[in-house]
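# Architecture at a glance
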Amino acid sequence: MPVSSELTRTPVPTRLTWSVVVVGAGPRGTGFLERFAANAPALYDGRPLAIHLVDPFPPGGGRIWRRAQSPLLWMNSMAEDVTMFTDDSVRLGGPVTEGPALHDWARDVAEGRAGLSGETARADPGLRAEIVALSGQAFPSRRVQSAYLSWVYERTVAALPPGVTLHRHPTRALRVSGPRGGRQRVWLEDRTEPLLADLVVLTLGHLDAEPEPEHVELAGFARRHGLTHVPPDFTADSDLSALPAGEPVIVRGFGLAFVDLMVLLTEGRGGRYSVAPGEPAEGAGEELVYHPSGREPVLYVGSRRGVPYHSKIGYGLTGERPPLPRFLGPEQIDALLRGPRPLDFRRDVRPLVDKELGFAHYHRLFTAHPGRTRMAWTDFEEKYAAAAPGSPELDALTAAAVPDPADRLDLGLLDRPLTGVRFASPEALQDGLRAYITADLTRRHDPAHSADLAVFLGLLSVYGQLTRLGDLGDLGGQWHGFFSYLASGPPGPRLRQLLALSRAGIVRFLGADTTVEADERTGLFRAGSPSLPGHHVEARALVEARLPDPSPERTRSPLLRALYEEGAAATSAGLVRVDPDDGRLVERDGRPHPRRFALGPYTTARSSGAFTRPRTGGPAFRQNDDVARAVLTFLRDPADHLDPANLPDPGDFPDPADHPDPADRPDPADRPDPADRPDPADRPDPADRRDLADTP
């Protein structure tokens, strides 16, 4: 049934209307609603329910995946590796609701089985052509992903049961207040009266933050000397106009934020690529030549590792999958949680992580490439299980069983490939980094090294298990960074572009453990690295190419700030504590709040992403399902969750479903009483509604 994003359903008459406020309409909010709709047939009792969806950005994509950003910006996943739907690989309490992955949806659009919303089609007439041309192995633009997420949202809204009314509020939530045992009040930026909610679900996504002390000092230095300092931010939202053509710019950060920066300051300023003549490098793809527009700055990039994130793997898995989990599964997590002493990530958890990744690597090597091993798998597996991670026994075992060191898994070398490496000159450093990136591209696109893909699958398995432990310090810092560096790197074509920019002199590498200082004597920023002893680069501009720190002391979210001040618990890494079983916010006294839930990367139950590869277990999907079931169970049986004396009387508060904002009211034709009609100026533009012809 075609449904607009301002759906209103006719409530079933009853004494009490429930109200749930969902703050955040991006992929995580949409994923929660999808699980809510999937579980409703079994858990929803049919009484009227008003869901209020609060987000200033369009639903589905939200801020990060909004359509209104440069079409040059890509996803860092292939289309066939992106889905918003569950399958039987996900451990769920509720039912599986299958749906198309991104490339299947694009094919459905091409063949007329799915449509685009009218708003999406009008915003960019060329978008449909981009969608129709999408293949499973392509890296889509973010605007294509935005269109997919919008479609998922509309399909989800259409699946909500009768009796449920959805109201959109295109604004920001500022604060949540209210007693533990009673209705909550959600205060919005554009109205004086709060929304009243029986339950609140926060799906906020990535958040802005106030600058760290170091960045405050650097910004002050920049003001005093007329320089430019760009603090950590979402690159698509940064003002890059102050970075002048031809001048050096120091860039601190070599992850995905840098890749976006590189794109916007090169192709985004009119540069272009062509294919170099000759044969492509084996496994690394076509060599590119960059043709500058003359408006590019010169980017001097460095970081702690000094190298970019590893390329996305460019082939699929064939043959036997590693039987994961093996050394870090539910049984081991249960044992850790039952342990007599507080958990320490480095001591208690990281050894199990390393053992699991090693098992995935060697299982694949022995089963897919047995000619490169000297031992029967069953013998190796038995001895591997008995050896401690990092022990001399394990080193001796792998040396005896795997003769080529390049076939052995060295997680330390993977993490810090430039440790102890020194270069004799700036040009030697450029040559060395180009050789490293080329080798990485070649290896990550060569199935002969499919043990790397097994490690990637091991990383996904590990991440899914670690979500049960919450934040353990390193889990929120170094481990998460290592996961992103190894498993969530850029597409291969982006690294080929980086090589072309390096050869053209537009990008210059600084090395590992890059330091940046404000030189008061020269009035310039100064960067150096032990990779190139005694050499420094000076510049009038510094860009911090990374996301903001989410610590509670610096968050720019007034909603989170108010929650912290009211008593919500947070970790030292700045993550909101939630109950790993059902996502309830944990207060500083250790009690989960009965009426407040949270999902997403700002929580201790963060997962590797709001969407994931099909058939990889999707921990975010399980979390969405757990929270949706907890919400529905509460609404069905509130007395099982609260002291009955604390349940609100229906007459205590006006019901928000009875007093919606004018912009949220249903179409006048659906309301028999003319007195209830909204002001015509507040009615949605008919052109913004979904075209019925686009409905599959």
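Now for a look at the structure at hand. (Residues numbered from 1 in each chain as written. Predicted model: local features only at pLDDT ≥ 70, side-chain atom pairs only at ≥ 80, totals over all residues. Heavy atoms only, no water.)

Let us now look at the overall build of the protein. Secondary structure summary: the protein contains 18 helices and 19 strands in total. Considering only intrachain contacts with a sequence separation of at least 6, the fraction spanning at least 24 residues in the protein is 76%. On the protein, roughly 28,700 Å² of surface is accessible, and the fraction owed to carbon and sulfur atoms is 51%. (Helix = DSSP H or I, 4+ residues; strand = E, 2+ residues; numbered from the N terminus. Contact = heavy atoms within 4.5 Å. Areas by Shrake-Rupley, 256 points an atom, 1.4 Å probe, with all protein chains shown as cover.)

Take the packing of helix α14 (residues 451-466) against helix α15 (residues 478-487) next. Where α14 meets α15, the closest approach of the two axes is 10 Å, and the angle between their N-to-C directions is 150 degrees. The orientation of α14 relative to α15 falls into the category roughly antiparallel. Remark: the crossing between α14 and α15 carries left-handed chirality. The segment α14 lies against α15, with Val-455, Phe-456, Leu-459, Leu-460, Val-462, Tyr-463 and Leu-466 engaging Trp-479, His-480, Phe-482, Phe-483, Leu-486 and Ala-487. Among the residues forming the contact of α14 with α15, the class breakdown is 12 nonpolar, one polar and no charged. (Axes fitted to C-alpha atoms, helices over the stretch in contact; angles between N-to-C directions. Parallel < 35°, antiparallel > 145°, perpendicular 65-115°, else oblique. Left-handed = near helix turned anticlockwise from the far one by under 90°. Nonpolar A, V, L, I, M, F, W, Y, C, P; charged D, E, K, R; others polar.)

Quick look at the sheet that holds strand β2 (residues 49-54) now. What the six strands build is an open sheet, ordered β3-β2-β1-β7-β19-β18; its pairing is mixed. Of all the strands in the sheet, just β3 (164-169) and β18 (584-586) have a single pairing partner and so form its edges. Strand after strand, the sheet turns through a mean of 30 degrees between neighbouring axes, direction not considered. Here strand β1 (residues 18-23) pairs with β2 via six bridges, running parallel. In the strand pairing of β2, Trp-18 is matched with Leu-49. (Pairing = 2+ DSSP bridges.)

On to the side chain of Glu-356. In this fold, Glu-356 is placed in helix α9 (residues 345-368). Of the side chains bearing the opposite charge, Arg-326 lies closest to the buried Glu-356, which forms no salt bridge; the N-O distance is 6.9 Å. Ignoring sequence-local partners within four residues, the contact set of Glu-356 consists of Leu-324, Pro-325, Arg-326, Phe-327, Leu-328, Ser-461 and Val-462. (Buried < 20%, exposed > 50% of the residue type's maximum accessible area, 1.4 Å probe, protein only. Lys, Arg positive; Asp, Glu negative; His and termini not counted. Salt bridge = Lys/Arg side-chain N within 4 Å of Asp/Glu carboxyl O.)

Attention now goes to unusual backbone geometry. In this structure, the amide linkage connecting Leu-324 to the following residue, Pro-325, adopts the cis form with an omega of -5 degrees. Position of Pro-325 relative to the elements: it lies in the loop between β12 (298-302) and α8 (330-338). Its identity is not glycine, yet Asp-513 carries a phi of approximately 50 degrees, on the positive side. The phi torsion at Arg-615 lies on the positive side, around 60 degrees, for a residue other than glycine. Residue position: Arg-615 is located in the loop between β19 (592-598) and α18 (619-636). The partly exposed category is assigned to Arg-615, whose relative accessible area is 48%.

Moving on, we get to the pairing of β19. The buried fraction of β19 amounts to six of the seven residues, a majority that puts the element mostly inside the structure. Relative to β19, strand β7 (residues 199-202) runs parallel, the two being bridged by three bridges. When the sheet's bridge partners are listed, Val-201 is paired in β19 with Phe-597. For β18 and β19, the ladder comprises two bridges, and the chain directions are antiparallel. Bridge assignment links Arg-584 to a residue of β19, and that residue is Phe-597.

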